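# Secondary and tertiary structure notes
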Amino acid sequence: MDLTLFFQFFLGLVAIINPVGLLPVFVTLTSHQTEPERQRTGTIANFAVVVILLVTLFAGQLILDMFSISLPAFRIAGGTLIVFIAMSMLQGKLGEVKHNKAEDRESAARDSVAVVPLALPLMAGPGAISSVIVFAAENSTVMDTIGMVTAIVVFGACSWAIFRLAPVIFRVLGQTGINVITRIMGLLMLSIGIEVVAAGAKGLFPALAG
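For clarity, every value in this text was computed on a predicted model and none was experimentally measured.

What counts, and where the lines are drawn
Residues numbered from 1 in each chain as written. Predicted model: local features only at pLDDT ≥ 70, side-chain atom pairs only at ≥ 80, totals over all residues. Heavy atoms only, no water. Salt bridge = Lys/Arg side-chain N within 4 Å of Asp/Glu carboxyl O. Helix = DSSP H or I, 4+ residues; strand = E, 2+ residues; numbered from the N terminus. Buried < 20%, exposed > 50% of the residue type's maximum accessible area, 1.4 Å probe, protein only. Core = buried A, V, L, I, M, F, W, Y, C linked by side-chain atoms within 4.5 Å. Contact = heavy atoms within 4.5 Å. Expected span 1.5 Å × (residues − 1). Bend = angle between axes of the 7 residues up to and from the residue.

Our next topic: the pattern of salt bridges. Overall, the coordinates contain two salt bridges when judged by the stated rule. When the shortest N-O distance is used, the salt bridge between R38 and E35 registers 2.7 Å. With R38 and E35 both in helix α3 (residues 35-66) and three residues apart, the pair spans about one turn of that helix. Here R38 falls in the buried class, since its relative accessible area comes to 14%. Owing to a relative accessible area of 37%, E35 belongs among the partly exposed residues under this scheme.

Quick look at the structure:
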């Protein structure tokens, strides 16, 4: 098992989901809650993210096979989606690609925002799901699967800790600091998306690989 590979997978989740960049959204969505309620919302949201990503990890290839979608084609589609989300983050438009106004109205009518829209689609959105499916399809041994499960669980724990410290972090960084981190994560995501698209193009058109 290549630990570097799974560290890259973990960093990819951090860049794509960007829990620090979502802190303003989390604080806003939970502004009507008491502190215990906010902590419970953060716990449920991150637990839901871990469950969603684990289901994607184990069922992703079955979904591709069911719809007869080749891995290179899915890589291009997923990589393109990641690029679009990254461009949005670089412009400081956090979350606009991940959810629409109808979903905002739906979530506003609910008492709990932990699962919708926090866990899905803000955190475990199309970009994260695409990345997990692609990575799982390319690394399918038992040890690879154990490594990816570990990376997802560790990410969930780290994200939970960040959300738990949300009020403190937001006060320290401020909106400007959050925006800077969001743009840095967006740049990392853009690089990941381009790499995924390039690999998919080489798979569909082997001549491009030289």
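Next up on the list: the nonpolar core. Of all hydrophobic cores here, the largest spans 44 residues; its most connected members are F9, V49, L53 and M189. The element contributing the most residues to this core is helix α1 (residues 3-17), with eight residues. Discounting chain neighbours no more than four positions away, the residues touching L53 are L13, I17, A124, A128, V132 and I152.

Further remarks concern α3. Relative to the 46 Å expected for 32 residues at 1.5 Å per residue, α3 spans 44 Å between its end C-alpha atoms, a close match to the ideal helical length. Within α3, the axis deviates most sharply at A59, by approximately 55°. In the segment just after α3, S68 is the residue with positive phi, at about 55°.

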